Amino acid sequence: MTSFIIFIIILGIIILVHEFGHFLFSKLFGVYVHEYSIGMGKKIWSKKPKGSETEYSLRIFPIGGFCRLAGEEGEDGDDSVPENRKLYKKSFIQRFLVFFMGPGFNFILAVIVLFILGLIFGGNISTLEIADIPEEYPAYQAGLREGDTILEVDGEKVRTWTQARLAIAMAEEGATVDFKVEDTNGNIRTVEVTPQKEVAEDETVTYVYGIGCRNYRVKGFVGGLKYMVAESKNIFLSMFSTLKYLFTGGVSINDLSGPVGIYEVVDQEAEAGVSNLLYLLSYLSINVGVMNLIPFPAFDGGHILFLIIEKIRRKPVPSNVEATITGIGFILLIILMIYVTYHDIFNLVT
């Protein structure tokens, strides 16, 4: 029960902050906001303060939220709202910021939490310098050495240790991986490493390269800033790498997680302590922000794409066309969520 409450709180914070970004910039630019909602589906609570134009509500499914803005889909025929307060009447940059600042506030939330995490609890910052490389494993035997800095993995440039690990994981099981490294003297070389097959007692097969990175611990105000910058970079780049692998086929839809999968992660991290939950909050917040900027209908990135098309065409996309495309995108998104949730439940019970 505790894990479920934590799960709701984490998702609620991420959604609340995301929608507040849309809400705040809508208000700043004088856009009429009909409703500010946390959750989807049937209303379980709503309130419209006296003198307020906006209804604030909670809905039954904590998997999203929305700000219902006047004129969001173009001309809406609503004479109760002045035309100059409808979104489509605002400038390009104002509409862009209204759509962008939902994800933008997710990014702001993430970096603030990462700073607090580094400030109070401290954190480990991983580098691309090789430190842990036992002599009995393939990486050392192939010629990699402590102090070497990884530049590329299988021809792919890497900027963080997480990116390097993802690139290694994308290789076929048992495949040789090329590591381009720079030694302490500035010499650059490429080393081919063929992993060592290991079979556990439960007959699980893994392929081990035997390579680790150098970490250093930080804490305090300056350490918190360093940790915030390093981990923000790490999460952003790992997210972009994952998206690239998703679109190129390296990662399948079955590798994605929905609410059930996230709940399982929250359950595990809750046992590890507050610092792990804070990191998870930051990680998920950045993920939600990046995903929402994908130029797909029903995402904020889809709205931004329509804005850019409008800027290029010098006239807006017809409102009925935009509404139809957005509706189709939303339906596809729901189908994807249902499939991912089904897959999460299947993995949980098998």
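Let me sum up the structure you'll find in this document. (Residues numbered from 1 in each chain as written. Predicted model: local features only at pLDDT ≥ 70, side-chain atom pairs only at ≥ 80, totals over all residues. Heavy atoms only, no water.)

1. So, the overall build of the protein chain
Inference 1: In terms of regular secondary structure, the protein chain is built from 9 helices and 10 strands.
Inference 2: Expressed as a percentage of its 350 residues, the buried residues of the protein chain come to 41%.
Inference 3: Once local pairs closer than 6 in sequence are excluded, the contacts in the protein chain between residues at least 24 apart make up 65%.
Inference 4: Looking at the protein chain as shown, the accessible area adds up to about 19000 Å², and 60% of this sits on carbon and sulfur atoms. (Helix = DSSP H or I, 4+ residues; strand = E, 2+ residues; numbered from the N terminus. Buried < 20%, exposed > 50% of the residue type's maximum accessible area, 1.4 Å probe, protein only. Contact = heavy atoms within 4.5 Å. Areas by Shrake-Rupley, 256 points an atom, 1.4 Å probe, with all protein chains shown as cover.)

2. Looking at helix α1 (residues 2-28)
Inference 1: Here α1 spans 38 Å end to end across 27 residues, near enough to the 39 Å set by a 1.5 Å rise per residue.
Inference 2: Of the residues one or two after α1, G30 is the one with positive phi, at around 75°. (Expected span 1.5 Å × (residues − 1).)

3. Some thoughts on the nonpolar core
Inference 1: Core analysis: the largest hydrophobic core is formed by 27 residues, its most contacted members being I10, F25, L69, L87, V98 and L281.
Inference 2: The set of elements that each furnish at least two residues to this core consists of α1, β1 (33-47), β2 (55-69), α2 (92-120), α7 (274-292) and α8 (300-313).
Inference 3: Considering every element that reaches this core, the biggest residue donor is α1, with 7 residues.
Inference 4: In terms of nonpolar packing, the next biggest core, distinct from the first, is built from 22 residues, L144, F179, V181 and Y245 among them. (Core = buried A, V, L, I, M, F, W, Y, C linked by side-chain atoms within 4.5 Å.)

4. Some thoughts on the side chain of E231
Inference 1: For E231, the position within the fold is in helix α5 (residues 220-248).
Inference 2: The contact partners of E231, leaving out residues within four places of it in the chain, are L114, N124 and Y279.

5. Examining the packing of α2 against α8
Inference 1: Viewed as axis vectors pointing N to C, α2 and α8 meet at an angle of 160°, and their least axial separation amounts to 9 Å. It follows that α2 is roughly antiparallel to α8 by the angle criterion. Taken as a pair, α2 and α8 cross one another with a handedness that is left-handed. Here α2 contributes F92, R95, F96, F99, F100 and P103 to the contact with α8, which in turn contributes D300, H303, I304, L307, I308, E310 and K311.
Inference 2: For the contact of α2 with α8, the per-class residue count stands at 8 nonpolar, 1 polar and 4 charged. (Axes fitted to C-alpha atoms, helices over the stretch in contact; angles between N-to-C directions. Parallel < 35°, antiparallel > 145°, perpendicular 65-115°, else oblique. Left-handed = near helix turned anticlockwise from the far one by under 90°. Nonpolar A, V, L, I, M, F, W, Y, C, P; charged D, E, K, R; others polar.)

6. Section: unusual backbone geometry
A negative phi angle characterises most non-glycine residues, just as the trans form characterises most peptide bonds.
Inference 1: Backbone geometry places D154, a non-glycine residue, at a positive phi of 55°.
Inference 2: Given the relative accessible area of 40%, D154 is considered partly exposed.

7. Considerations on the packing of aromatic side chains
Inference 1: A full pass over the atoms with the stated rule returns 14 aromatic pairs.
Inference 2: A centroid spacing of 6.0 Å and a plane angle of 55° characterise the contact between F20 and F105, whose relative ring orientation is tilted. With F20 in helix α1 and F105 in helix α2, this pair connects stretches of sequence that are 85 residues apart.
Inference 3: Geometrically, the ring pair formed by F23 and Y36 is edge-to-face, given 5.0 Å between the ring centres and 65° between the ring planes. You can see F23 sitting in helix α1 and its partner Y36 sitting in strand β1, a full 13 residues away along the chain.
Inference 4: Judged by relative accessible area, which is 8%, Y36 ranks as buried.
Inference 5: Here R145 stacks its cationic end above the ring of Y140, 3.7 Å away from the centre of that ring. (Phe/Tyr/Trp six-rings, centres within 6.5 Å; stacked < 30°, edge-to-face > 60°. Lys NZ or Arg CZ within 6 Å of the ring centre and 35° of its normal.)

8. So, the packing of α1 against α2
Inference 1: Running from N to C, α1 and α2 cross one another at 140°; their axes reach a closest spacing of 7 Å. Taken as axis vectors, α1 and α2 run oblique relative to one another. Judged by the twist between their axes, the crossing of α1 over α2 is right-handed. Here α1 contributes I13, I14, V17, H18, F20, G21, H22, L24, F25 and S26 to the contact with α2, which in turn contributes L97, V98, F99, M101, G102, P103, F105, N106 and L109.
Inference 2: Among the residues forming the contact of α1 with α2, the class breakdown is 13 nonpolar, 6 polar and no charged.

No statement about biological role is implied by the geometric values presented.
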